[in-house]
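# Understanding the architecture of this molecule
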Amino acid sequence: VIGPSLVVAADLGIGLACAAMAMLVVVVKLVRAVAESSRQARIAPYRDAVLTIAADGDQEGTASAELLAMPERDWRAVREVMTALLSKVRGDTAVTLVRLLDARGEFERARSAVRSRLALRRARGAYLLGLARQRQDVGLLLPLLADRSAEVRLVTTRSLGSVGDPIAATALFKALGPVRGQPGIPTAVAAEALLNLGVGAVPAVIQALAAEDVTERAVATMVAAEGALSAAVPRLRQLLAGDPELAVRISAVAALGVVGGADDVAALAANTALTQPTAVRRAAARALGELGHPDAVPVLSELLSDPDIRLAQHSGDALVELGPAGVRALLQASAGAGPAARVAAGSLAIARLRMLPQVTSLPSQLTGIPPQVTGIPPQVTGLPPRVTGIPPQVTGLPPRVIGIPPQVTGRPRVPGGPGDPR
Amino acid sequence: MTPEQTRILVADDDLDIRDLVTFKLRQAGYTVQAVDNGTSALAAIEEDPPDLAVLDVMMPGLSGIDVLRKIRDAGRTRDVRVILLTARSRDADVDTGFATGADDYIIKPFSPRELLHRVNTTLARSRS
């Protein structure tokens, strides 16, 4: 049994704790505001000099001279602005900023910092060396891929990508695996870094496609697709045919859609079969569209009536990607009845809204959609009728379904007009 | 029209980028107004349409794409030239930018010198 006095005491305690927490928040915010204000005050006298250099306007070198001569205490605030700018600009501007930071000894300090016992210093050092983009620093960065801190490993991955030396490729793949019981570097970050290494990294990517580690294989397929590595096609075909991991097979399907050729249509089509996992079937339909070969028209047309509605929609969109042959198949399907007709009409409608040339460039005789049929005046949609028009005769859908919503047109529906559901 | 008579709006929530772009364009003689979010950008454009707007895509409130869509839909602002300046570099993002009506698309990290060339070219095209 809890007595009333105990309840009051507990309420009071909670109240005091809340008040203390609120006070703490206010104090922290005040301290931060004061610190930021002080930082801005230190930067202010030099802001024009920094911007002059960053804007590529320091022809006489006076701004650089000013920053080289400034006191160390103020420099610490200014260097933050310069490093922030360096990550956002390229070209001569970036070169000038790097020279200035180098002249102030920032990169030498960064080379020492990567050996620091503090993770924050190691991460900062790795970040700065990435901004410097000097290949001589790769040797210092590579050991940090096995650092005990996940943040340091992450920053190092990005920095190695910035430096762009393909010698780092194999180490980046290996860093995908667990380090000291922690997860490896994130796959998307690793893939982006690997792509930045350029063609010199291709042999390592091909090798990783055959790696024992599933993450390495998956990332290698991502890189092969994004980097359009045609040299990877034979290995991608092997992965598609027999990799035991579903994720790798899906990546291989997507990659072949990008870098494959006419020879891959049959294999991709086979992966849309009902016996395949749903994710593989959908990826294969999308890949056939990406590949863009007209041989895929029959299989994609067949999939328009698939019980998996997402797969059917992917197939409709893929047919648009195939160009005139695919669009003709969609028009034919949309003139029929049933689910396939609705899916085909939907894909055509989306293609029109996206103003894809393979649809908008077709003469109205071919599409069978004369502008006057759409009944949606251009002043309502802001788009020409042949782009937005989806006549009910073609889609088989009631007008309220085909009505273009305001979030697409950016204008309210006209009461009682096209698209008004009433 | 002289550069001084040409008015450019710069909208970016990143102070460093906003200052750098503003500085570079003012250095070239343009009259520049800078704002730090999409809502202010739209308000400024609707109040007094500039000759050109340099819009970041990812901003708090309205995105650069939202702002672009709204100004292209309104008669008074439809002809404002727009350059999107963004870190979004995927083909699909670029496609969306141009499909929405952008006159040009610049990917960060960017060269301030190239930005100025693109601004000059976009303005010259609009005058011709």
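Each chain carries its own residue numbering, running from 1 in the direction its sequence is written. Just so you know, chain letters begin at A and ligand numbers begin at 1, following the order they were written in. Where local features are concerned, this predicted model is filtered to residues with pLDDT of at least 70; where side-chain atom pairs are given and counted, the filter is 80 or more; whole-chain, interface and lining totals use all residues. The side-chain numbers reported here are obtained from all heavy atoms of the structure, hydrogens and water having been left aside.

## Examining the overall build of chain A
The line we're drawing: Secondary structure elements are taken from DSSP: a helix is a run of H or I of four residues or more, a strand is a run of E of two residues or more, and numbering for both begins at the N terminus. Note on exposure labels: buried denotes an accessible area under 20% of the residue type's maximum, exposed denotes more than 50%, and partly exposed covers the range between, all computed with a 1.4 Å probe on protein chains only. Two residues qualify as a contact provided that any one of their heavy atoms is within 4.5 Å of a heavy atom in the partner residue.
Within chain A, the regular secondary structure consists of 28 helices and zero strands. Burial analysis of chain A (422 residues in total) assigns 45% to the buried set. At a minimum sequence separation of 6, the contacts of chain A that also span at least 24 residues come to 59%.

## Structural notes on helix α13 (residues 233–242) of chain A
For an α-helix, 3.6 residues make a turn, and residues three or four places apart therefore share a direction. Residues and elements named next belong to chain A. The cut-off we apply is this: Picture the helix axis, draw a direction to every C-beta atom, and the arc is the one those directions span.
Looking only at α13, the buried set comprises V233, L236, L239 and L240. The buried residues of α13 all sit within an arc of 115° when viewed along its axis, so they share a single face. Within α13, the exposed residues directed more than 90 degrees away from the buried face are A241 and G242. Buried residues in α13 make contact with α11 (202–209), α12 (214–226), α14 (246–259) and α15 (265–270).

## Description of the interface of chain A and chain B
Where we set the bar: Once two parts are brought into contact, the accessible area they lose, counted with a 1.4 Å probe and summed over both, makes up the buried area. Throughout this description, the term salt bridge denotes a Lys or Arg side-chain nitrogen within 4 Å of a carboxyl oxygen of Asp or Glu. Polar contacts, as counted here, are pairs of nitrogen or oxygen atoms within 3.5 Å of one another; within protein the pair requires one atom able to donate a hydrogen and one able to accept it, and residues that are adjacent in sequence qualify only if both atoms are side-chain atoms.
Taken together, the contact pairs 21 residues of chain A with 18 residues of chain B. When the buried surface of chain A facing chain B is broken down by residue, A:A55, A:K88 and A:R90 rank first, second and third, together holding 33% of it. At the boundary of chain A with chain B, the tally comes to seven salt bridges. A:R47 is the salt-bridge partner of B:D16, the closest N and O atoms lying 3.4 Å from each other. Scanning the region where chain A abuts chain B turns up ten residue pairs in polar contact (both at pLDDT 80 or more).

## Examining the environment of B:V82
All names here are of chain B. Among the secondary structure elements, V82 is positioned in strand β4 (residues 81–86). For V82 and D51, which are 31 residues apart along the polypeptide, the C-alpha to C-alpha distance reads 8.8 Å. When neighbours within four sequence positions are excluded, V82 is seen to be in contact with A53, L55, L68, I71, R72, A102, D103 and D104.

## Quick notes on a nonpolar patch on the surface
The test is simple: Note that patches include only residues with greater than 30% relative accessible area and no salt bridge, and the join distances are 9 Å for like charges and 5 Å for nonpolar side chains (Val, Leu, Ile, Met, Phe, Trp, Tyr). With residues, only the protein chains shown are counted as cover, and all accessible areas are computed by Shrake-Rupley using a 1.4 Å probe.
A grouping of A:M21, A:L24, A:V25 and A:V28 is seen on the molecular surface, where their side chains present a nonpolar patch of about 360 Å² in accessible area. With respect to the helices and strands, the residue A:V28 is situated in helix α1 (residues 4–54).

## Details of the pairing of strand β2 (residues 31–35) of chain B
Walk down a regular strand and you will see the side chains alternate between the two sheet faces. Residues and elements named next belong to chain B. Inclusion rule: Here, strands pair whenever DSSP counts at least two bridges between them. Consider the strands pointing away from the viewer: the crossover is right-handed when the path from the first strand over the helix to the second runs clockwise.
Pairing geometry for strand β1 (residues 7–11) and β2, over five bridges, is parallel. Directly across from R7, in β2, lies its bridge partner T31. As for the winding sense of the linkage, the β-α-β connection from β1 through helix α1 (residues 15–27) to β2 is right-handed.

## Things to note about α1(B)
Put simply, the test is: By definition here, a helix of n residues has an expected span of 1.5 Å times n minus one.
In this model α1(B) runs 18 Å from its N-terminal to its C-terminal C-alpha over 13 residues, within 8% of the 18 Å that 1.5 Å per residue would give. Among the residues of α1(B), B:D16, B:I17, B:R18, B:L20, B:V21, B:T22, B:F23, B:K24 and B:L25 are the ones counted as buried. Buried-residue contacts for α1(B) involve α1 and α3 (72–86) of chain A together with β1, β2, β4 and α5 (112–127) of chain B. Two or three places before B:D16, at the opening of α1(B), B:D14 has a side-chain oxygen 2.9 Å from that residue's backbone nitrogen. Where α1(B) terminates, the next one or two residues include B:G29, which has phi positive at roughly 100°.

## Remarks on the pattern of salt bridges
Residues and elements named next belong to chain A. Counted under the stated rule, the structure contains 32 salt bridges over all chains. R104 is the partner of E72 in a salt bridge, and the nearest nitrogen-oxygen pair spans 3.0 Å. Taken as a pair, E72 in helix α3 and R104 in the loop between α4 (92–103) and α5 (106–113) lie far apart in primary sequence, 32 residues in all. Linking D147 and R122 is a salt bridge whose minimum nitrogen-to-oxygen distance equals 2.7 Å. Linking D147 in the loop between α7 (138–141) and α8 (150–163) with R122 in helix α6 (residues 119–132), this pair joins segments that are 25 residues apart in sequence. Taking the relative accessible area as the measure of exposure, R122 reaches 4% and is therefore buried. Members of the salt-bridge network, linked through shared partners, are E72, R79, E80, R104, E106, R109 and R124.

## Focus: the packing of α13(A) against α14(A)
Residue and element names in this part refer to chain A. Let me state the cut-off plainly: For every element, the axis is a line fit to its C-alpha atoms; helices are fit only across the contacting stretch, and the angle between N-to-C directions ranges from 0 to 180 degrees. Orientation labels follow simple angle bins: below 35 degrees gives roughly parallel, above 145 gives roughly antiparallel, 65 to 115 gives roughly perpendicular, and whatever is left gives oblique. The handedness criterion is simple: a crossing whose near helix is rotated anticlockwise from the far helix by less than a right angle is left-handed, and one whose near helix is rotated clockwise is right-handed. Residue polarity follows a fixed list, in which Ala, Val, Leu, Ile, Met, Phe, Trp, Tyr, Cys and Pro are nonpolar, Asp, Glu, Lys and Arg are charged, and the others, Gly among them, are polar.
It is at 8 Å that the axes of α13 and α14 come closest, and there the two elements cross at 140°. Here α13 lies oblique to α14, going by the angle between them. For the pair α13 and α14, the crossing hand works out as left-handed. Contact with α13, carried on its side by V233, L236, R237, L239 and L240, involves V248, R249, A252, V253, A255, L256 and V259 of α14 and no other residues of that element. In terms of residue class, the contact of α13 with α14 is made up of ten nonpolar, no polar and two charged.

## A word on the environment of A:G15
Position of A:G15 relative to the elements: it lies in helix α1. C-alpha separation for the pair A:G15 and A:V259, spaced 244 residues apart in sequence, amounts to 64 Å.

## Considering unusual backbone geometry
Glycine aside, a negative phi is what most residues show, and trans is what most peptide bonds show. With omega at 0°, the peptide bond leading from B:K108 into B:P109 counts as cis. Among the secondary structure elements, B:P109 is positioned in the loop between β5 (104–107) and α5. Within the chain, A:R133 stands out as a residue other than glycine whose phi angle is a positive 55°. Take A:R133: it is sitting in the loop between α6 and α7.

## Let's talk about the packing of aromatic side chains
Residues and elements named next belong to chain B. Defined as follows: Pairing of aromatic rings covers Phe, Tyr and Trp, the last counted by its six-membered ring, and requires centre-to-centre distances within 6.5 Å; plane angles under 30 degrees mean stacked, over 60 mean edge-to-face, and any other angle means tilted.
Applying the stated rule across the entire model yields one aromatic pair over all chains. Seen from their ring centres, F98 and Y105 are 6.2 Å apart, and the 40° between their planes marks the pair as tilted. On the accessibility criterion, F98 (40% relative accessible area) is partly exposed.

## Topic: the confidence of the model for chain B
Put simply, the rule is: As a per-residue measure, pLDDT reflects the predictor's confidence and takes values from 0 up to 100.
When pLDDT is averaged across chain B, the result is 91; 99% of the residues are at 70 or more. ipTM for the predicted complex: 0.86, alongside a pTM of 0.73.

## Describing the confidence of the model for chain A
Caution is warranted with low-pLDDT regions, since their predicted coordinates should not be read in detail. In this model, chain A carries a mean pLDDT of 84, and residues with pLDDT of at least 70 account for 84%. Note on residues 368–422 of chain A: pLDDT is under 50 here. Beyond four places in sequence and across chains, it has 76 contacts.

## With respect to the sheet that holds β2(B)
Residue and element names in this part refer to chain B. Strand order in the open sheet formed by five strands is β2-β1-β3-β4-β5, and the pairing between neighbours is parallel. Across the chains shown, the open sheet's two edge strands, defined by having one partner strand only, are β2 and β5. Across the sheet, the mean angle separating the axes of adjacent strands is 20° when strand polarity is ignored. Lying on the sheet, α1 is in contact with β1, β2 and β4; it crosses β2 at an angle near 170°.

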